[in-house]
Amino acid sequence: MELRVQTITAAHIEKGISYESYRALIEKLQQQNMTTGDNHSESLLNYTKLNSQRMSKWDKIFKPNEELVEMLTSIKVPTNWVVLTEAWCGDAAQNLPIIAKLASLNPNISLKLLLRDENMEVMDAYLTNGGRSIPKLIMLDNDLNEIGQWGPRPKPVQDIMMDMKSKGALSYDDFGVAAHTWYAKDRSKTLQEELIVLLAR
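In this report, the structure presented in the accompanying data block is examined. (Residues numbered from 1 in each chain as written. Predicted model: local features only at pLDDT ≥ 70, side-chain atom pairs only at ≥ 80, totals over all residues. Heavy atoms only, no water.)

## Topic: the packing of helix 4 (residues 66-73) against helix 9 (residues 189-200)
- Where helix 4 contacts helix 9, the two axes come as close as 10 Å, and the packing angle between them is 35 degrees. Relative to helix 9, helix 4 is oriented so that their crossing is left-handed. Together, Glu67, Leu68, Met71 and Leu72 of helix 4 and Gln192, Leu195, Ile196, Leu199 and Ala200 of helix 9 make up the contact between the two elements.
- Split into classes, the residues belonging to the contact of helix 4 with helix 9 amount to 7 nonpolar, 1 polar and 1 charged. (Axes fitted to C-alpha atoms, helices over the stretch in contact; angles between N-to-C directions. Helix = DSSP H or I, 4+ residues; strand = E, 2+ residues; numbered from the N terminus. Left-handed = near helix turned anticlockwise from the far one by under 90°. Contact = heavy atoms within 4.5 Å. Nonpolar A, V, L, I, M, F, W, Y, C, P; charged D, E, K, R; others polar.)

## Thoughts on the nonpolar core
- In this structure, Tyr19, Tyr22, Trp81, Leu102, Leu111, Leu137 and Leu195 are the most contacted members of the largest nonpolar core, which totals 30 residues.
- When residues of this core are traced back to their parent elements, those giving at least two are helix 2 (19-31), helix 3 (42-61), helix 4, strand 1 (79-85), helix 5 (90-103), strand 2 (109-115), strand 3 (136-140) and helix 9.
- Element by element, the count of residues in this core is highest for helix 5, at 7 residues.
- In this structure Leu102 touches Phe62, Pro64, Leu68, Leu72, Trp81 and Leu195, once residues within four positions along its chain are discounted.
- Counting residues in each nonpolar core, the second largest holds 18 residues, with Leu84, Met123, Ala125 and Ile134 among its members. (Core = buried A, V, L, I, M, F, W, Y, C linked by side-chain atoms within 4.5 Å. Buried < 20%, exposed > 50% of the residue type's maximum accessible area, 1.4 Å probe, protein only.)

## Overview of the sheet that holds strand 4 (residues 146-150)
- The sheet built from 4 strands is open, its strands ordered 2-1-3-4 with mixed pairing. One side of each edge strand has no neighbouring strand; the edge strands of this open sheet are strand 2 and strand 4. When strand polarity is set aside, the average angle formed by the axes of neighbouring strands in this sheet is 20 degrees.
- By the bridge criterion, 5 bridges tie strand 1 to strand 3 in an arrangement that is antiparallel. From the neighbouring strand, Asn80 faces strand 3, where its bridge partner is Leu140.
- Sheet contacts for helix 5: strand 1, strand 2, strand 3 and strand 4; angle to strand 1, the most-contacted strand, approximately 165 degrees. (Pairing = 2+ DSSP bridges.)

## Regarding the packing of aromatic side chains
- This model, assessed by the stated rule, comprises 1 aromatic pair.
- Geometrically, the ring pair formed by Trp182 and Tyr183 is edge-to-face, given 5.4 Å between the ring centres and 75 degrees between the ring planes.
- On the basis of relative accessibility, which here comes to 17%, the residue Trp182 falls in the buried class.
- The positively charged end of Lys57 is found above the aromatic ring belonging to Trp58, 4.5 Å away from the centroid. (Phe/Tyr/Trp six-rings, centres within 6.5 Å; stacked < 30°, edge-to-face > 60°. Lys NZ or Arg CZ within 6 Å of the ring centre and 35° of its normal.)

## Here we look at helix 3
- The first and last C-alpha atoms of helix 3 sit 29 Å apart over 20 residues, in line with the 28 Å expected at 1.5 Å per residue.
- Within helix 3, burial applies to Leu44, Leu45, Tyr47, Thr48, Asn51, Ser52, Arg54, Met55 and Trp58.
- Each element contacted by the buried residues of helix 3 is listed here: helix 2, helix 5 and helix 8 (172-186). (Expected span 1.5 Å × (residues − 1).)

## Digging into unusual backbone geometry
- Omega for the peptide link from Ile134 to Pro135 comes to 5 degrees, which places this bond in the cis form.
- With respect to the helices and strands, the residue Pro135 is situated in the loop between helix 6 (120-123) and strand 3.
- Cis geometry is found at the peptide bond from Gly151 to Pro152, where omega equals 10 degrees.
- Tracing the backbone shows Pro152 in the loop between strand 4 and helix 7 (155-166).
- Look at Asn33: it is not a glycine, yet its phi comes out positive at around 60 degrees.
- When you line up the elements, Asn33 lands in the loop between helix 2 and helix 3.
- Within the chain, Leu144 stands out as a residue other than glycine whose phi angle is a positive 70 degrees.
- Note on placement: Leu144 falls in the loop between strand 3 and strand 4.

As structure tokens, then:
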């Protein structure tokens, strides 16, 4: 895998926000009938409300895989995890709480969240099949060199999307139903397995 060198700069790290600040920002925006980004349509506002509920659920019920906990707590050097996200994104809501909880297990891991639409120069360096799909987790060493990446969704969910697309049956709502049904059954098992493989490299 070709590694990108300092696509993400110290300035990006400095302006990145914590998971707690992200949740607080979303709550504040919802009170103003807004979401992140410039599109505050009724559909995106509804997605944002659902996503807040999804994140709250994961915050309460998520229990990490013991093997993954061991791998994460064994990291001895400062590491940066940067996630591109938006409040209206269903995949972000399903995966970000798990990523945040895992990062919190080790003080050597610094998690920073960047809003996709405010950081297109980063997003465009991490496209998925040419698309600006999120969430995107980028792992960096202390010098901000890339050491790994994950996203925008677990492979089985990506396969669902590609299958629907190949059949000409891809609509955002239909994919959302299929994806969130999968997430509910999987209970973050696949995400954690994929992160174990990534960290092992």
